[in-house]
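# Descriptive structure summary
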Amino acid sequence: MKIHIYLALFLLSASLHVSAQQLYVPRNVAKAFQNGTRSMDGKPGPNYWQNKATYNIRVSAAPPNRTVSGNEDITYTNNSPDTLKDIVFRLELNSHAAEAPREGLITSDYLTSGVHIDEYSENGKVKPWPERKGRTWLRIPLDQPLASHASIKFSFKWHYDVSVESGREGAIDGTTFFLAYFYPRVAVYDDTSGWDTFAFMEGHEFYNDFNDYTYEVTVPKDYIVWGTGDLLNAETAIKPEFAERLKKSFTSDDVIHVATADELAAKTVTAQTDSVTWKWKAENVSDVAVALSDHFIWDAGSVIVDKKTNRRASVQAAYDAKSVDFQKMVEYGKHSLDWTSNNFPGTPYPFQKTTIVRGFADMEYPMMVNDSSQQDPNFTRFIVEHEILHSWFPFHMGINEQRYGFMDEGWTTAFEYLIGRNDLGEKTASNLFKAFRVQHWIKSPGADADIPIITPGDAMSGAGFDDNEYGKAAVAYLALKDLLGDAEFKRCLHEFIGRWNGKHTLPWDMFNSFNSASGKDLNWFFNNWYFSNGYIDLAVENVTSTGSGSEVTIRNVGGMAAPVDFVITYDDGTTETLHQTPAIWQQNQKQAKVNIPAKKKIKSLVLDGGIWMDANDADNKWESK
Ligand SMILES: [Zn+2]
């Protein structure tokens, strides 16, 4: 027995030495491993830390006046081992200023004068604010350095105009506003990069700490406000009849019309004081967003998202009468939460609610979605499923979306395909996914399309950036699922989610988590898909008879370790489809030899990659001479 154990251990260590591939690790991440903030087994390290703030925000808006004003108190705690001599604040909405750098084109209706800081104070002392037009972050020296484990208080008074043209936020119509990224915030200070000083230029997304928020939104009477978190004062903001309907929706399986278009037009819904203050609370979330309107219809329902505890989540929709596709939105939202909680990613929806607001953005926020209206109800459902899936990546998992968007959009796009298969059937969902998510990358012959997925998003732009974030990253995750099998893939994914939710995870934590959770060294696969310039192009080289069957030799022209189907026609006219997982590329990523056990002679063989589209189909077919 002992000899066998020693032999096994020797062989194991020998195979690790021979086959183990190292992943490229940037120097700042290598230092985090050395410092013990992250562990090589994929877990947060014994010295892991992240900073945290509490925000107390008061906002006022009175459409059609587009000026939104607010004041806020921030208590920021420095959990890092470092003494901070200055603080970085983010003012994302300065991206609307004429002076701001932007990645895309805008119209003049998008422009505003940016965010105006009317007063800034540090620990109660008012200090001058250095207005820098168009800057989305500012470094402010502190009067007293902030020691490790100490806290500091900041206060702001501010105002800005919502833009006429609505993007991720802005005026949806004359009396409907969507407020996002609207309050001055402390930037992320983390263990690998220090302060986040990436300019927000509209294209790339965000990076936030997990904070606690209480906020109030004061609006004229007859305006409804929706927002991230729990509404604390429904009983005083709206009349009892309507508050009762909302309350009922939290336990009901039905879609409840909390406020109809007629009731809103009759101005009978809210308290009838001149202005009404709506109060909210949201804890341990990476942001809050708000919508307000005097005519948007309000529907609500709820669905059990955790079958073990019977926990329900609220699903609400806010929309104008013209957007008829939104009449089904609560149903779509409930279906999304149900399917995603129980299938992929397959952990209970991590929040208590979601509200889907009819806007223009097709954009996610914690517990809020801003979606466009569509003619095709299937497309309406498709978009909301995608945005709700973001509740896991990045909002549950603390992804740096600016830098590693492939962990945000990539995961979401992979799951979007899986729920699409459930909704639309395999064929329609696959065709949609290929056309919408994969084709652009695979048919782009330029070097930009083949930049490795691991390339920091803030160092990329254009099509290469888009492909790496969405379709290419999604087929990489789906190839990993194909390699591991559904049950093992989910087990490893849940291990990763369990380790890193509520924390700032990096790609190396994810790769290392899959390695340690699976007990396999998957670095060959990660190197291939995430760290290489490959693309998908397989070719049949030869099919030979082995006596007991056939041997198929395929060449990997593009280099990606993609799954593939062998569509075989035998001499007797019968056909068979044999699926090959990426495992065929583990030993040799240039060429694979696959044995076909059937005794029948192969007449023809076609390689069909399915959603792993092949860049060149011309060399995918073999026929016996
Ligand atoms: Zn997305």
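Details of the structure are given in the entry above.
Now for a description of the structure that goes with this document. (Residues numbered from 1 in each chain as written. Predicted model: local features only at pLDDT ≥ 70, side-chain atom pairs only at ≥ 80, totals over all residues. Heavy atoms only, no water.)

### Observations regarding the coordination of the zinc ion
Definition in use: Coordinating donors are taken as N, O and S atoms within 2.8 Å of the metal, stretched to 3.2 Å for Na, K and Ca; because water is absent from the atoms, sites can appear incomplete. Four donors are marked tetrahedral only if all angles between them lie between 85 and 135 degrees, whereas four are marked square planar and six octahedral if opposite donors are more than 155 degrees apart and the other angles lie between 65 and 115; the remainder are marked irregular. Here's how the labels work: a residue is buried when its accessible area is under 20% of the maximum for its type, exposed when over 50%, partly exposed in between, all with a 1.4 Å probe on protein chains only.
Taken together, the protein ligands of the zinc ion are His-386 (NE2), His-390 (NE2), Glu-409 (OE) and Glu-409 (OE), with distances of 2.0 to 2.8 Å. Every donor counted, the 4 donor atoms about the zinc ion form angles of 52 to 156 degrees at the centre, which fits irregular coordination. Of note, the zinc ion draws all its donor residues from one chain, in the sequence arrangement H-x3-H-x18-E. For the pair His-386 and His-390, a shared accessibility class is recorded, and that class is buried.

### Observations concerning the nonpolar core
Note the cut-off: Side-chain atoms within 4.5 Å are what join buried Ala, Val, Leu, Ile, Met, Phe, Trp, Tyr and Cys residues into a set we call a nonpolar core. Numbered from the N terminus, helices here are DSSP runs of H or I no shorter than four residues, and strands are runs of E no shorter than two. Note on contacts: a residue pair qualifies if any of its non-hydrogen atoms lie within 4.5 Å across the two residues.
The biggest cluster of nonpolar side chains holds 187 residues, and the ones touching the most others in it are Tyr-76, Phe-154, Phe-182, Trp-278, Phe-514, Trp-529 and Tyr-530. If one sorts the elements of this core by residue count, helix H11 (residues 471-484) sits on top with 10 residues. Not counting residues within four places of it along the chain, the set of residues in contact with Tyr-530 comprises Phe-406, Pro-452, Ile-453, Ile-454, Ala-476, Tyr-477, Phe-511 and Phe-525.

### Side note on unusual backbone geometry
Here the bond from Pro-63 into Pro-64 is cis, since omega is 10 degrees, no more than 30 degrees from zero. With an omega of 0 degrees, the peptide bond running from Phe-344 to Pro-345 counts as cis. Positive phi, normally seen in glycine, also occurs at Asn-123, with a value near 50 degrees. The topology assignment puts Asn-123 in the loop between strand E4 (116-122) and strand E5 (125-127). Of note, Met-367 is a non-glycine position whose phi angle comes to about 65 degrees, a positive value. Along the chain, Met-367 turns up in the loop between strand E22 (363-365) and strand E23 (368-371).

### Thoughts on the pattern of salt bridges
Opposite charge on two side chains permits pairing when their charged atoms draw close. Applicable threshold: Here, a salt bridge means any side-chain nitrogen of Lys or Arg that lies within 4 Å of a carboxyl oxygen of Asp or Glu.
This model, assessed by the stated rule, comprises 28 salt bridges. Arg-38 is the salt-bridge partner of Asp-509, the closest N and O atoms lying 2.6 Å from each other. Of this pair, Asp-509 sits in helix H13 (residues 507-518) while Arg-38 sits in the loop between helix H2 (27-35) and strand E1 (52-61); the two residues are 471 residues apart in sequence, bridging distant segments of the chain. Side by side, Asp-509 and Arg-38 carry an identical accessibility label, which is buried. Salt bridges sharing partners connect three or more residues here, namely Glu-122, Lys-125, Lys-127 and Asp-143.

### Regarding the packing of aromatic side chains
Cut-off, in case you're wondering: When two rings of Phe, Tyr or Trp (its six-membered ring) have centres within 6.5 Å they constitute a pair, described as stacked for plane angles under 30 degrees, edge-to-face for angles over 60, and tilted for the intermediate range. When the NZ atom of lysine or the CZ atom of arginine is within 6 Å of a ring's centre and also within 35 degrees of its normal, the charge is said to sit over that ring.
Enumeration over the complete set of coordinates arrives at 55 aromatic pairs. Ring geometry for Phe-511 versus Phe-526: centroids 4.6 Å apart, planes at 40 degrees, classification tilted. Taken together, the positions of Phe-511 in helix H13 and Phe-526 in helix H14 (residues 523-530) put the pair 15 residues apart, joining distant regions of the chain. In this pair, the class of Phe-511 matches that of Phe-526, namely buried. A cation over an aromatic ring shows up here: Lys-490 above the ring of Phe-344, its NZ or CZ 4.9 Å from the ring centre. Note that Lys-600 overlies the ring of Tyr-570, its terminal NZ or CZ placed 4.6 Å from the centroid.

### Concerning the sheet that holds strand E3 (residues 84-90)
Let me state the cut-off plainly: In this analysis, strands are considered paired if DSSP registers two or more bridges between them.
A sheet is described by the order of its strands in space; here 3 strands give the open sequence E6-E3-E10, paired in antiparallel fashion. Looking at which strands have only one partner, the edges of the open sheet turn out to be strand E6 (137-146) and strand E10 (185-186). Sheet topology places E3 next to E6; 6 bridges connect them, and they run antiparallel. Within E6, the position partnered with Ile-87 by the bridge is Ile-140.

### Things to note about the environment of Asp-299
Here is the rule we go by: What qualifies as a polar contact is a pair of N or O atoms within 3.5 Å, subject to a donor-acceptor requirement within protein and to the restriction that residues adjacent in sequence count only when both atoms come from side chains.
Take Asp-299: it is sitting in strand E19 (residues 297-306). Setting aside anything within four residues of it in sequence, one finds Asp-299 in contact with Val-255, Ile-256, His-257, Val-258, Val-315, Gln-316, Ala-317, Tyr-319, Gln-327 and Val-330. Polar side-chain contacts of Asp-299 include one of 2.6 Å to the side chain of Tyr-319.

### With respect to the sheet that holds strand E30 (residues 621-623)
Pairing between sheet strands relies on hydrogen bonds along the backbone, with the strands arranged either parallel or antiparallel. Note the cut-off: Axis definition: a line fitted to C-alpha atoms, over the contacting stretch in the case of helices. Angles run 0 to 180 degrees between N-to-C directions.
The sheet built from 4 strands is open, its strands ordered E27-E26-E29-E30 with antiparallel pairing. Looking at strand neighbours, the two that pair on one side only are strand E27 (575-580) and E30, the edges of this open sheet. Across this sheet, the average inter-strand angle for adjacent strands is 15 degrees, counted without regard to direction. Here 3 bridges tie strand E29 (residues 602-608) to E30, and the two strands are oriented antiparallel to one another. Note that in E30 the partner of Val-606 across the bridge is Lys-621.

### Describing the side chain of Glu-364
On the secondary structure map, Glu-364 appears in strand E22. Apart from the residues lying within four places of it in its own chain, the contact partners of Glu-364 are Glu-205, Glu-387, His-390, Phe-395, Glu-401, Asp-408 and Glu-409.

### A few points about H2
This is how it is decided: The arc in question is the one traced by the directions running from the helix axis out to the C-beta atoms.
Within H2, burial applies to Val-29, Ala-32 and Phe-33. Projected down its long axis, H2 carries its buried residues within an arc of 100 degrees, all on one side. Turned more than 90 degrees away from the buried face of H2, the exposed residues are Arg-27, Lys-31 and Gln-34. Where H2 is buried, its residues contact H13. Gly-36 occupies a position one or two residues after H2 and carries a positive phi of about 75 degrees.

Honestly, it's all geometry; don't read function into it.
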